[in-house]
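Topology and contacts: notes
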Amino acid sequence: MTGNRVLLVSAMVTLAAGTFVFRLIGPLLRSRVEFPPLARRLLETAAVVLLTALVATTALTQGHEFAGYARPAGVAVGGLLAWRKAPILVVVIAAAATTALLRLAL
Amino acid sequence: MTDMRSAWRTLDPDLLRSIALICGSVAMVGVSYGASAVAAGFPLWLPVLTGALVLAGSSEFLFVGITAAGGNPFAAVAAGLLVNARHVPYGLAVPEVIEPGWRRFLGTHLMNDETVVLALSQPDLVRKRAAYRLCGLGTLIAWPLGAFLGSLGGTQVRDTGAFGLDATFPAVILALILPALRERVTREAALVGAAVALVASVYLPAGLPELLALSGLLIRFVRA
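Just so we're clear, the structure is a prediction, and the values are computed from it rather than from any experiment.

1. Comments concerning the overall build of chain A
Secondary structure summary: chain A contains 4 helices and 2 strands in total. The secondary structure elements of chain A, listed N-terminal to C-terminal, are α-α-β-β-α-α. Its C-alpha radius of gyration of 20 Å places chain A more than 25% over the 13 Å reference for a compact globule of 106 residues. Within the span of chain A, comprising 106 residues, buried residues form 42% of the whole.

The structure is reproduced here in structure tokens:
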């Protein structure tokens, strides 16, 4: 058990250190290398593309499978409200409530 | 402390509410994270300490899940790192939010989906940095604290599905990137990327589909 615990903690510290290095690379690289304006714009677009993909995968999938209709429906309602400039509190409550109610109903 | 006070003054009430709300939902997901880790047989301190040191939710769920299922801990690390590789493009996109000097270390640690999307949504450097810092410190407290409460609460609070909490993360991120998606080229790249990620998620391990979404950027060159 003690051996297991040492292994578990060293694995966790490795994950933390590796994640920190990933976080460090971008700012470090940008402070050393001057990127032309087009590349800078591309990099900012890259973050939006990543975040959109994250929205799509977390809204629609669970593991390798479809997450069911309730969650994407909630996200869609939240997105629609955000598009109509609703406050973020309303967006979040509407998304959670839609999903929860659909789960009750289905 | 003076920094925190000037952050409060810099940020408009709407944004402060967003940050509070984000930290609240992070804490609630943290509760389910702590509860499922303890239910899987891990000691209470593990999800709390991991939460503070890794500070990247989805990779921690994966790490705990794989280890609990009897997988090799270093295979779990590899899976977690794959999920966290998106921090490289995040840092390339918004390097200016990391403040110089002694704050650099903490600022680097605070980089996550929520802080990056908030920074992107702000119009100028002062507000980008203030939003990033406040949301980052908030999640640094909320995530391990939620994990701690969940570990104490045990199995009763494991199911976030019943309250629809699993819909709040994508909804918040979506709400915050909508303004950036008004620009046509960005929107097209994002939609192509999302489609690529969805198809890829059927076959590939977590983390990789989002990275493949970056291929959507190629549309910039097709259009240009």
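2. Topic: the overall build of chain B
Helix and strand counts for chain B come out as 13 helices and 0 strands. Written out in order from the N terminus, the α and β elements of chain B read α-α-α-α-α-α-α-α-α-α-α-α-α. Summarising its shape, the C-alpha atoms of chain B cover approximately 55 × 50 × 35 Å along the three principal directions. Classification of the 224 residues of chain B by burial places 53% in the buried group. Restricting the contact set of chain B to residue pairs at least 6 apart, pairs at least 24 apart contribute 68%.

3. Remarks on the packing of helix α2 (residues 13–39) of chain B against helix α4 (residues 57–68) of chain B
Residue and element names in this part refer to chain B. Two elements in contact, α2 and α4, have axes separated by 10 Å at closest approach and are oriented at 10 degrees. On the basis of their axis angle, the class for α2 and α4 is roughly parallel. As α2 packs across α4, the resulting crossing turns out to be left-handed. In this structure, α2 contributes Val-29, Tyr-33 and Ala-37 to the contact, and α4 contributes Gly-57, Glu-60, Phe-61 and Val-64. When the residues that make up the contact of α2 with α4 are grouped by side-chain class, the tally is 5 nonpolar, 1 polar and 1 charged.

Parameters and conventions
- Residues numbered from 1 in each chain as written.
- Chains lettered and ligands numbered in written order.
- Predicted model: local features only at pLDDT ≥ 70, side-chain atom pairs only at ≥ 80, totals over all residues.
- Helix = DSSP H or I, 4+ residues; strand = E, 2+ residues; numbered from the N terminus.
- Rg over C-alpha atoms; globule rule 2.2 N^0.38 Å.
- Buried ≥ 20, exposed ≤ 12 C-beta atoms within 10 Å, placed from the backbone.
- Contact = placed C-beta atoms within 7 Å.
- Axes fitted to C-alpha atoms, helices over the stretch in contact; angles between N-to-C directions.
- Parallel < 35°, antiparallel > 145°, perpendicular 65-115°, else oblique.
- Left-handed = near helix turned anticlockwise from the far one by under 90°.
- Nonpolar A, V, L, I, M, F, W, Y, C, P; charged D, E, K, R; others polar.

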